[in-house]
Amino acid sequence: MKKIKSFEVDHTTLQIGMYISRVDDDIVTYDLRMVKPNGGVYLDTAGMHTVEHLMATFLRNSEFERNIVYFGPMGCRTGFYFLQRGMKHSDAIALVRRALDFVIDFSDDIPGCSAAECGNYKEHDLSAAKKMVQPLRERLNDYSVELLQYDAAR
């Protein structure tokens, strides 16, 4: 079998940040790295679950709701995938900043957090979610489109 594109990226050089993982026709996949890969610190499941619920809700309620394809966790627990179509990269960066701010400032009931809405509704941690998005939010303060390339991760 051919090696998939994401396994061709040198994870030893990646830092916290937002990167273009791949482009498939009109769909752009971004890697949102919240911790350094293979750095010994990984995102905990309950906090990731909460980030997923909050970010997906925010993104799908934004002015770009029709452009959002998917938002979900990486199996390696170092971040999330964000898939969109039809947005400029600069708009994607700005939208992710706003979504991270939404998580940091969130203080209400977690959306989709009932047995009828979620397959593991009891495993959430808002406090952990707020902490885990903070490093990426700080990294994106002055982020530019040029930094979306993996080779800019060094």
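Since the model is a prediction, treat every value here as computed from it, not as a measurement.

(A) Examining the sheet that holds strand β2 (residues 27-33) more closely. Spatial strand order, β1-β2-β4-β3: 4 strands in an open sheet with antiparallel pairing. With partners counted over all chains shown, the strands left at the sheet margins are β1 (17-24) and β3 (68-73), one partner each. Geometrically, the sheet is characterised by an average inter-axis angle of 20° between neighbouring strands, direction not taken into account. In this sheet, β2 lies alongside β1 in antiparallel orientation, the contact comprising 7 bridges. In the sheet register, Gly17 faces β2, and the bridge partner there is Arg33. Where helix α1 (residues 45-59) meets the sheet, its contacts fall on β2, β3 and β4 (79-85), and the angle it forms with β3 comes to roughly 170°.

(B) Representation of unusual backbone geometry within the structure. The phi torsion at Asn38 lies on the positive side, around 60°, for a residue other than glycine. In this fold, Asn38 is placed in the loop between β2 and α1. The exposure class assigned to Asn38 is exposed, which follows from its relative accessible area of 58%. Phi angles above zero are rare outside glycine, and Arg77 is one such case at about 65°. With respect to the element layout, Arg77 can be found in the loop between β3 and β4.

(C) Representation of α1 in the model. Over its 15 residues, α1 extends 21 Å from the first C-alpha to the last, a length consistent with the 21 Å expected when each residue adds 1.5 Å. Summarising burial for α1: 12 of the 15 residues are buried, a large majority. Inspection of α1 places Ala46, Gly47, Met48, His49, Thr50, Val51, His53, Leu54, Met55, Ala56, Phe58 and Leu59 among the buried residues, and these make up the whole buried set. Buried residues along α1 sit in contact with β2, β3, β4, α2 (89-105) and α3 (126-139). The N-cap residue of α1 is Asp44: its side-chain oxygen and the backbone nitrogen of Ala46 are 3.2 Å apart.

Basis of the calculations
Residues numbered from 1 in each chain as written. Predicted model: local features only at pLDDT ≥ 70, side-chain atom pairs only at ≥ 80, totals over all residues. Heavy atoms only, no water. Pairing = 2+ DSSP bridges. Helix = DSSP H or I, 4+ residues; strand = E, 2+ residues; numbered from the N terminus. Axes fitted to C-alpha atoms, helices over the stretch in contact; angles between N-to-C directions. Contact = heavy atoms within 4.5 Å. Buried < 20%, exposed > 50% of the residue type's maximum accessible area, 1.4 Å probe, protein only. Expected span 1.5 Å × (residues − 1). Polar contact = N/O pair within 3.5 Å; in protein donor to acceptor, adjacent residues only side chain to side chain.

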